[in-house]
Amino acid sequence: MKIILLNDKQRKAIINMVKPAERDYFSYQNLNLLTAVYDEEKKVCLTVTRFMSSAITRMDSHYDEYSYALLTPLGCFSVSCTESAGKYSNIFSPLPLFISGQKIAEMIAYYNDNRSQRRDLANEAVKDTDTNIYSYTEWYLKKHYF
């Protein structure tokens, strides 16, 4: 596995799946349109689309909730999971005959364990734009989608 930059075709597939709304900042506030983890064996990418902290939900669950975009040769799919103390659970593959839930869990762990590599790659990608990595998604959506 490795961290990669997303291209415009991948971004459009993610946007079509997530369907962010211009007037609803929460629909894209955690959407990553810059980087993803790529699995060479399965030829799939995974990036975060949504995050909800247990502190925000106040449900006494002690689990953070994540949603990811899983880009496969068969299309773009949503994958959800919960996380507590670095352990990911409730991961179900949308294509279990193609990619297992265990492989998706490995990709999620790799994605989250390589934050600094994602940040460095993202900073390099935006250096020639009029934005930064923290506002890139909003900038991209306004330029290409909204």
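Basis of the calculations
In this numbering scheme, every chain counts its residues from 1 along its sequence in written order. Local features in a predicted model are, by the rule used here, given only for residues with pLDDT of at least 70; side-chain atom pairs are given and counted only at 80 or more, and totals for whole chains, interfaces and linings are based on all residues. Note that water and hydrogens are dropped before the side-chain values are worked out from all heavy atoms of the structure. Each pair of strands is called paired provided DSSP finds at least two bridges between the two strands. Helix numbering and strand numbering both begin at the N terminus, where a helix is a DSSP run of H or I of at least 4 residues and a strand a DSSP run of E of at least 2. Only protein chains enter the calculation, and the probe is 1.4 Å; a residue is then buried if its accessible area is under 20% of its type maximum, exposed if over 50%, and partly exposed in between. Any two residues having at least one pair of non-hydrogen atoms within 4.5 Å are treated as being in contact. Angles here are taken between N-to-C directions and fall from 0 to 180 degrees, while the axes themselves are lines fitted to C-alpha atoms, restricted in helices to the stretch in contact. Ring pairs shown here join Phe, Tyr and Trp side chains whose ring centres sit within 6.5 Å, with only the six-membered ring taken for Trp; geometry is labelled stacked below 30 degrees between planes, edge-to-face above 60, and tilted in between. The criterion for a charge sitting over a ring is simple: Lys NZ or Arg CZ within 6 Å of the ring centre, and within 35 degrees of the ring normal.

Explain the pairing of strand S3 (residues 44–52) to me, and be specific about the residues and the numbers.
One ladder, built from three bridges, connects strand S2 (residues 35–39) with S3; its direction is antiparallel. Note on S3: the bridge partner recorded for Asp39 is Val44. Where S2 hands over to S3, the hairpin turn is made up of four residues, of which Lys43 adopts a positive phi near 60 degrees. Note that S3 and strand S4 (residues 64–72) share seven bridges and pair antiparallel. In the sheet register, Val48 faces S4, and the bridge partner there is Tyr68.

Explain unusual backbone geometry to me, using residue names and the numbers behind them.
Of note in this structure, Lys19 is not a glycine but carries a positive phi near 55 degrees. Given a relative accessible area of 56%, Lys19 falls into the exposed group. Even without glycine at this site, Asn90 takes up a positive phi of about 60 degrees. Assessed through its relative accessible area of 48%, Asn90 is described here as partly exposed.

Before we move on, can you summarise the pairing of S2 with the specific residues and values?
Counting buried residues along S2, five of its five residues qualify, which places the element largely inside the surrounding structure. Across the two faces of S2 the burial is the same, with Thr35, Val37 and Asp39 and Ala36 and Tyr38 all buried. As paired elements, strand S1 (residues 2–5) and S2 share four bridges and run antiparallel to each other. If you follow Lys2 over to S2, its bridge partner there is Tyr38.

Let's hear about the environment of Ala21: which residues, and what values?
Considering the arrangement of structural elements, one finds Ala21 in the loop between helix H1 (8–18) and S2. You can call Ala21 partly exposed: its relative accessible area is 34%. A C-alpha to C-alpha distance of 19 Å links Ala21 and Phe77, two positions 56 residues apart in sequence. Ignoring sequence-local partners within four residues, the contact set of Ala21 consists of Ser27, Tyr28 and Phe146.

Give a detailed account of the sheet that holds S2, specifying residues and quantitative values.
What the six strands build is an open sheet, ordered S1-S2-S3-S4-S5-S6; its pairing is antiparallel. Two strands lie at the open edges of the sheet, namely S1 and strand S6 (87–89), each paired on one side alone. On average, adjacent strands in this sheet sit at an angle of 40 degrees to one another, irrespective of strand direction. Relative to S6, strand S5 (residues 75–84) runs antiparallel, the two being bridged by three bridges.

Tell me about the packing of aromatic side chains, and please be specific about residues and values.
One pair of aromatic rings is described through two measures. These are the centre distance and the angle between the planes. As enumerated under the stated definition, the model contains nine aromatic pairs in all. Ring pairs connect the aromatic residues Tyr25, Phe26, Tyr28, Tyr145 and Phe146, which therefore count as one cluster. The ring of Tyr140 has Arg11 sitting right over it, with the charged end atom 5.3 Å from the ring centre. Between the NZ or CZ atom of Arg118 and the centre of the ring of Tyr111, over which it lies, the distance is 3.8 Å.

Please set out the environment of Arg119 residue by residue, giving values where relevant.
Looking at the element boundaries, Arg119 is found in helix H4 (residues 115–126). Every residue in contact with Arg119, bar those within four places of it in the chain, is listed here: Ile133 and Tyr134.

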